[in-house]
Amino acid sequence: MANDDLTVAVLGPGGVGGLLAALLARTGHRVVCLAGDKTVQALRENGIRVSSGRYGPFTARVAADTRLREPADVVFVTVKHTALDVALERVPADELAEDTLVVPLLNGVEHPAVLRERYGAGRLAPAVIRVESTRVAPGVIEHDSPFVEIDLTGESVARERLDRLTGALEWAGVRVRVLEGEAAALWAKMVFLAPFALLTTRYGVPLGEVRTRYREELAALVEETTAVALAAGAATDPAVALARYDLLPAEMKSSMQRDAEAGRALELDAIGGALLRAAERHGVAAPVATRLVRELRWSFLDA
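Residues numbered from 1 in each chain as written. Predicted model: local features only at pLDDT ≥ 70, side-chain atom pairs only at ≥ 80, totals over all residues. Heavy atoms only, no water.

**What about the environment of Leu301?**
We apply this condition: Secondary structure follows DSSP: runs of H or I at least 4 residues long count as helices, runs of E at least 2 residues long count as strands, and numbering of each begins at the N terminus.
Relative to the helices and strands, Leu301 is located in helix 12 (residues 287-301). For the pair formed by Leu301 and Leu268, sequence separation is 33 residues and the distance between their alpha carbons is 9.2 Å.

Structure (C-alpha cells):
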C-alpha cells in the first residue's frame with residue numbers, strides 16, 4: 001500500500017483518536033485535532049505524547065482547533081457516544097468536500113444512521129477498532145494493547161478512497177481490513193464488546209476475573225449477543241467468540257469500566273441499550289443482558 005499524503009481531521013483526540021492522530025502525523029500526514037479549548041491549547045504547545053509497548057515512546061506534532069476550518073480528506077469521529085451530538089458541531093457538513101471520508105470509530109451499532117443523515121451516505125465509511133488506549137491527560141496517550149486493528153467498510157464509497165486510507169493507516173503501523181457489509185463488521189465487534197463492557201463494569205474486575213469467576217455468565221451473554229448478531233445479519237460463532245477472551249491479557253479493562261472508575265458518563269445506552277433494542281426488534285430473548293443493563297443503570301445512572 002502507498003502512503004499518499006492526506007489531510008486528516010480527528011474529532012476527539014482521546015485514547016483512540018489521539019493514538020491514530022499521533023501515528024498518522026509521525027508518518028508525514030497533516031493531522032488536525034478537533035477538541036475543546038483546553039485540549040487544543042495543550043496539543044498546540046506540546047503535541048501528542050504516546051507511551052506504547054508496540055510503537056515505543058514518541059511525540060507527534062499536530063494542528064489543533066475547536067472546529068474544522070479547512071478541507072480534509074478524512075474525518076475520524078472518535079468521541080464517546082455520550083458526547084456525539086455536541087461534538088459534531090465541530091465538523092460542519094458544508095466544510096466537507098464531496099469526496100471527504102467520514103470514518104466513525106464509535107462503540108455500538110446505531111451511530112451510522114445519525115452520521116448518514118448529517119453528512120450523506122456517500123461520505124460515510126463506518127469502521128470498528130480493536131485497541132486498548134487511554135488518554136491520561138490532554139495530549140498524553142497510553143497505549144496498552146499489543147495491537148491496533150481496524151475493520152473498515154464503505155458500501156456507498158468508491159473503493160479507491162478506502163484503499164488510500166488503508167495505505168496510510170498500514171504505513172503508520174495499524175492493521176486494516178476492508179470488509180463487505182457494514183452490519184457484519186459492527187456486530188462482530190459488538191459480540192465481543194457488549195459482554196466485555198457489561199461484565200467488567202458490573203463487577204468492577206478486569207477481563208481475567210470475568211473469564212474465570214464469571215465464566216458461566218460470560219458464556220450466556222455471548223450466546224445472547226451472537227443470537228442477536230445473527231438476526232441482524234452477521235453470522236458469528238459463540239464458541240469462537242468466547243475463545244477470543246482467553247487470548248487477551250488478564251489485566252485488560254473495558255473503556256466502560258474505566259469510565260465508571262473515573263466517574264465519567266457511561267456508554268451504557270450505546271452498547272447495552274442498543275443490544276436490547278436490536279434483540280426486541282428481532283424477537284431474540286436476552287435475559288442476561290437485560291438484567292445487567294438494569295443493574296448498571298441502578299448503580300451508575302440512577303444513583
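Still to come is the rest of the account.
**A word on the side chain of Glu224**
Counted only if it meets this: For the exposure calls, accessible area comes from a 1.4 Å probe over protein chains only, and a residue counts as buried if that area is under 20% of its type's maximum, exposed if over 50%, partly exposed in between. Counting rule for charge: Lys and Arg are taken as positive, Asp and Glu as negative, and neither His nor the chain ends is counted. For salt bridges, the criterion is a side-chain nitrogen of Lys or Arg within 4 Å of an Asp or Glu carboxyl oxygen. Residue contacts are counted whenever heavy atoms from the two residues lie within 4.5 Å of one another.
With respect to the helices and strands, the residue Glu224 is situated in helix 8 (residues 215-231). Although Glu224 lies buried, it forms no salt bridge, and the closest oppositely charged side chain, Arg291, sits 8.1 Å away as judged by the N-O distance. Beyond its immediate stretch of four places on either side in the chain, Glu224 contacts Val284, Ala285, Ala286, Pro287, Val288 and Ala289.

**Topic: the pairing of strand 1 (residues 7-11)**
Stated precisely, the cut-off is as follows: For two strands to be treated as a pair, DSSP must find at least two bridges joining them.
Of all 5 residues that make up strand 1, 5 are buried, and the element is covered over most of its length. Taking every second residue as pointing to the same face, both faces of strand 1 are buried, with Thr7, Ala9 and Leu11 on one and Val8 and Val10 on the other. In terms of strand pairing, strand 1 meets strand 2 (residues 30-34) through 5 bridges, oriented parallel. Looking at strand 2, one finds that Val8 is bridged to Val31.

**With respect to the packing of helix 6 (residues 182-203) against helix 11 (residues 268-282)**
What counts, and what does not: To obtain an axis, a line is fitted to C-alpha atoms, over the contacting stretch when the element is a helix, and the angle between two such axes runs from 0 to 180 degrees between their N-to-C directions. It is the rotation of the near helix from the far one that decides the hand of a crossing: anticlockwise by less than a right angle makes it left-handed, clockwise makes it right-handed. Residues were grouped as follows: Ala, Val, Leu, Ile, Met, Phe, Trp, Tyr, Cys and Pro as nonpolar; Asp, Glu, Lys and Arg as charged; and all remaining residues, including Gly, as polar.
Their axes nearest at 10 Å, the elements helix 6 and helix 11 cross at an angle of 115°. Helix 6 and helix 11 meet at a crossing whose hand is left-handed. On the side of helix 6, the interface is formed by Trp187, Met190, Leu193, Ala194, Ala197 and Leu198, while helix 11 contributes Leu268, Ala270, Ile271, Gly272, Ala274, Leu275 and Ala278. The residue inventory of the contact of helix 6 with helix 11, partitioned by class, reads 12 nonpolar, 1 polar and no charged.

**Here's the deal with the nonpolar core**
Rule in force here: To qualify as a nonpolar core, a set must consist of buried Ala, Val, Leu, Ile, Met, Phe, Trp, Tyr and Cys residues joined through side-chain atoms within 4.5 Å.
Within the largest apolar cluster, 46 residues are counted, with the highest numbers of intra-cluster contacts made by Trp187, Met190 and Tyr245. When residues of this core are traced back to their parent elements, those giving at least two are helix 6, helix 7 (207-213), helix 8, helix 9 (238-245), helix 10 (255-262), helix 11 and helix 12. If you tally residues by element for this core, the top one is helix 6, at 11 residues. In terms of nonpolar packing, the next biggest core, distinct from the first, is built from 43 residues, Ala35, Ala60, Val148 and Ile150 among them.

**Here's the deal with the sheet that holds strand 4 (residues 58-60)**
One open sheet accounts for 4 strands, arranged 4-3-10-9; its pairing is mixed. One side of each edge strand has no neighbouring strand; the edge strands of this open sheet are strand 4 and strand 9 (133-137). Neighbour-to-neighbour, the strand axes of the sheet open up by a mean angle of 25°, direction not taken into account. Pairing between strand 3 (residues 48-52) and strand 4: 3 bridges, direction antiparallel. Counted as the bridge partner of Val50 is Phe58 from strand 4. In the packing of helix 1 (residues 15-26) onto the sheet, the strands contacted are strand 3, strand 4, strand 9 and strand 10 (140-143), and the crossing angle to strand 4 comes to about 85°.

**Considering the pairing of strand 7 (residues 101-104)**
A two-sided burial pattern is seen for strand 7, the buried positions comprising Leu101 and Val103 on one face and Val102 and Pro104 on the other. Looking at chain direction, strand 6 (residues 74-77) and strand 7 are connected through 4 bridges and run parallel. Looking across to strand 7, one finds that Val77 is bridged to Pro104.

**Quick look at the sheet that holds strand 11 (residues 149-152)**
With mixed pairing, the 3 strands of this open sheet are ordered in space as 8-11-12. On the outer flanks of this sheet lie strand 8 (127-130) and strand 12 (175-178), each paired with one strand and no other. Each adjacent strand pair in this sheet contributes to an overall mean axis angle of 15°, direction not counted. Strand direction decides the pairing type here: strand 8 and strand 11, joined by 4 bridges, are antiparallel. Bridging across to strand 11, Ala127 finds its partner in Leu152.

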